[in-house]
Amino acid sequence: MWHGDELDLDAYLTRIGLRGGTAAGGGAGGGAGELRPDLDTLYEVHRAHTAAIPFESLDVLLGRPVALDVKAVEDKLVHARRGGYCYEQNSLLAAALERIGFEVSGRGARNRTRGDTLLPVTHAVLVVTVDGQPWLCDAGFGYVGPREPIPLARPGAEVRQGAWTYAVREEEDGVLALRTRNGGVWRDLYAFSPQRYHPVDYVLLNHYSSSHPLSSFVGQMIVQHPGEDVRVRLVGRELTRLYPDGRTEREEVHPDELLALLDREFGIRLSGRDGAELVRIHRSGD
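Calculation notes
- Residues numbered from 1 in each chain as written.
- Predicted model: local features only at pLDDT ≥ 70, side-chain atom pairs only at ≥ 80, totals over all residues.
- Heavy atoms only, no water.
- Phe/Tyr/Trp six-rings, centres within 6.5 Å; stacked < 30°, edge-to-face > 60°.
- Helix = DSSP H or I, 4+ residues; strand = E, 2+ residues; numbered from the N terminus.
- Buried < 20%, exposed > 50% of the residue type's maximum accessible area, 1.4 Å probe, protein only.
- Lys NZ or Arg CZ within 6 Å of the ring centre and 35° of its normal.
- Contact = heavy atoms within 4.5 Å.
- Polar contact = N/O pair within 3.5 Å; in protein donor to acceptor, adjacent residues only side chain to side chain.
- Salt bridge = Lys/Arg side-chain N within 4 Å of Asp/Glu carboxyl O.
- Pairing = 2+ DSSP bridges.
- Axes fitted to C-alpha atoms, helices over the stretch in contact; angles between N-to-C directions.
- Parallel < 35°, antiparallel > 145°, perpendicular 65-115°, else oblique.
- Left-handed = near helix turned anticlockwise from the far one by under 90°.
- Nonpolar A, V, L, I, M, F, W, Y, C, P; charged D, E, K, R; others polar.

**Q** How should I be thinking about the packing of aromatic side chains in this particular structure?
**A** For any pair of aromatic rings, the description consists of the separation of the ring centres together with the inter-plane angle of the planes. Scanning the model with the defined rule gives nine aromatic pairs in all. A ring pair is formed by Y85 and F217, whose centres lie 5.0 Å apart and whose planes are at 80°; its orientation type is edge-to-face. Of this pair, Y85 sits in the loop between helix 4 (70-79) and helix 5 (86-100) while F217 sits in the loop between helix 6 (199-211) and strand 12 (222-226), and the two are 132 residues apart along the sequence. For the residue pair Y85 and F217, the accessibility class agrees, reading buried in each case. With 4.9 Å between their ring centres and 70° between their planes, F141 and Y190 make a pair best called edge-to-face. Taken as a pair, F141 in the loop between strand 6 (133-137) and strand 7 (150-151) and Y190 in strand 11 (residues 185-192) lie far apart in primary sequence, 49 residues in all. Both residues of the pair, F141 and Y190, count as buried. Grouped by ring-pair contacts, the aromatic residues W2, F55, Y85, Y87, Y197, Y202 and F217 constitute a single cluster. Note that R231 overlies the ring of W164, its terminal NZ or CZ placed 4.3 Å from the centroid. Lying over the aromatic face of Y243, R247 brings its terminal NZ or CZ to 4.2 Å of the ring centre.

**Q** Can you walk me through the environment of N111 in this structure?
**A** Assignment of secondary structure puts N111 in strand 4 (residues 103-111). Exposure remark for N111: the relative accessible area of 18% places this residue in the buried category. For the pair formed by N111 and F192, sequence separation is 81 residues and the distance between their alpha carbons is 9.1 Å. Excluding residues that lie within four positions of it along the chain, N111 makes contacts with L119, F141, L189 and Y190. Reaching out from N111, the side chain makes a polar contact with the side chain of T113 at a distance of 2.7 Å.

**Q** Which parts of the structure should I look at to understand the pattern of salt bridges?
**A** Pairing is possible between side chains that carry opposite charge, provided their charged atoms lie close to one another. Considering all chains together, one arrives at 22 salt bridges under this definition. Residue R64 is joined to D274 by a salt bridge in which the shortest nitrogen-to-oxygen separation is 2.4 Å. Taken together, the residues R64 in the loop between helix 3 (58-61) and helix 4 and D274 in helix 8 (residues 272-283) connect sequence positions 210 residues apart. On the basis of relative accessible area, R64 is assigned to the partly exposed category, the value being 34%. Under the relative-accessibility criterion, D274 is labelled buried at 13%. Among the ionic pairs, R280 bridges to E277, the shortest N-O distance being 2.8 Å. Here the residue R280 and the residue E277 both occupy positions in helix 8, the gap between them amounting to three residues, near one helical turn.

**Q** Where do I start with the sheet that holds strand 14 (residues 238-242) in this structure?
**A** Hydrogen bonding along the main chain pairs the strands of a sheet, whether they run parallel or antiparallel. Reading across the sheet, the five strands line up as 3-12-13-14-15 and stay open at both edges, with antiparallel pairing between neighbours. In the strand order of this sheet, the two ends are held by strand 3 (55-56) and strand 15 (248-252), each with one partner. Taken together, the five bridges between strand 13 (residues 231-235) and strand 14 define a ladder with antiparallel strand orientation. Each residue of the ladder has a partner; that of V232, found in strand 14, is R241.

**Q** Quick question: what am I supposed to make of the packing of helix 2 (residues 39-52) against helix 5 here?
**A** The description of two packed helices rests on the angle between their axes and on the distance between the axes. The contact between helix 2 and helix 5 brings their axes to 11 Å, and the two run at 150°. The angle between helix 2 and helix 5 places the two elements in the roughly antiparallel class. Crossing of helix 2 over helix 5 shows right-handed handedness. Note on element contacts: helix 5 touches helix 2 through Q89, L92, L93, L97 and I100, opposite T41, L42, V45, H46 and H49. A breakdown of the residues in the contact of helix 2 with helix 5 according to their chemical character gives six nonpolar, four polar and no charged.

**Q** Teacher, can you tell me more about the sheet that holds strand 8 (residues 159-161) here?
**A** Taken in spatial order, the eight strands line up as 7-6-5-4-11-10-9-8 in an open sheet, and their pairing is antiparallel. Both outer strands of the open sheet, strand 7 and strand 8, are each paired with one neighbouring strand and no more. Here strand 5 (residues 121-130) runs beside strand 6; their pairing, made up of five bridges, is antiparallel. Across the sheet, residue L126 finds its bridge partner in strand 6, namely C137. On the sheet, helix 2 packs against strand 5 and strand 6 and is oriented at approximately 5° with respect to strand 6. Most of the contacts of helix 6 go to strand 5, to which it runs at about 145°, and overall it touches strand 4 and strand 5.

Here it is, written out as structure tokens:
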């Protein structure tokens, strides 16, 4: 389903820092041994992916279409060492996990970070089944998203990921809500139903997110990374650092500082032409 057979798995593993691992029955390689579709591998790949590949929607800001076919996502996130937003991130992760041998299915989630405002289903997440148990995998929710898989078979159980805490609450009609605790306060991140989503469904959602005037990605710079100790987000000109105890630090990013900051904080390096256009857009708010 996720076209994992088209993915250059060795290149992907190199990109996320797991060079040498190979899928069972797939390709050459060696140092890290064979990757098997077990829970240890799921944790290892998910953790490495979220650590290495930042969340960003810069192509939307630059007015470019966002392609979701495996080769396009691979070219951008793997070979060009860029980041991407949820459809790109989780399409790539799904292809890699499928190639390794995991059972992967998609879900459509409704963002709940804006309080009681009812938002449309625009977030893509994955459910991976290991030994008959479902696990939430999501490499594309930005700086407050999980760095590791989260068990779905134990709703209500608190899950620690370093200094960060998550839990899944079960609601009516089989809806599951992912929550996080920050500074002693629980808040919902998003909720999703049992309905399976397929790659073609993400094409439709991606069109809305990348082109609709009400999309938060249109006309606005958004770059994020879920760091192990500090979560970092750049929205517009404001850089925010979020700490596990709930503290936040904010600073304004001047256009002359933008490209150096993208490299330093998120590992994003743009071509000269793209960088100049991004600075021009950033400066246009003056």
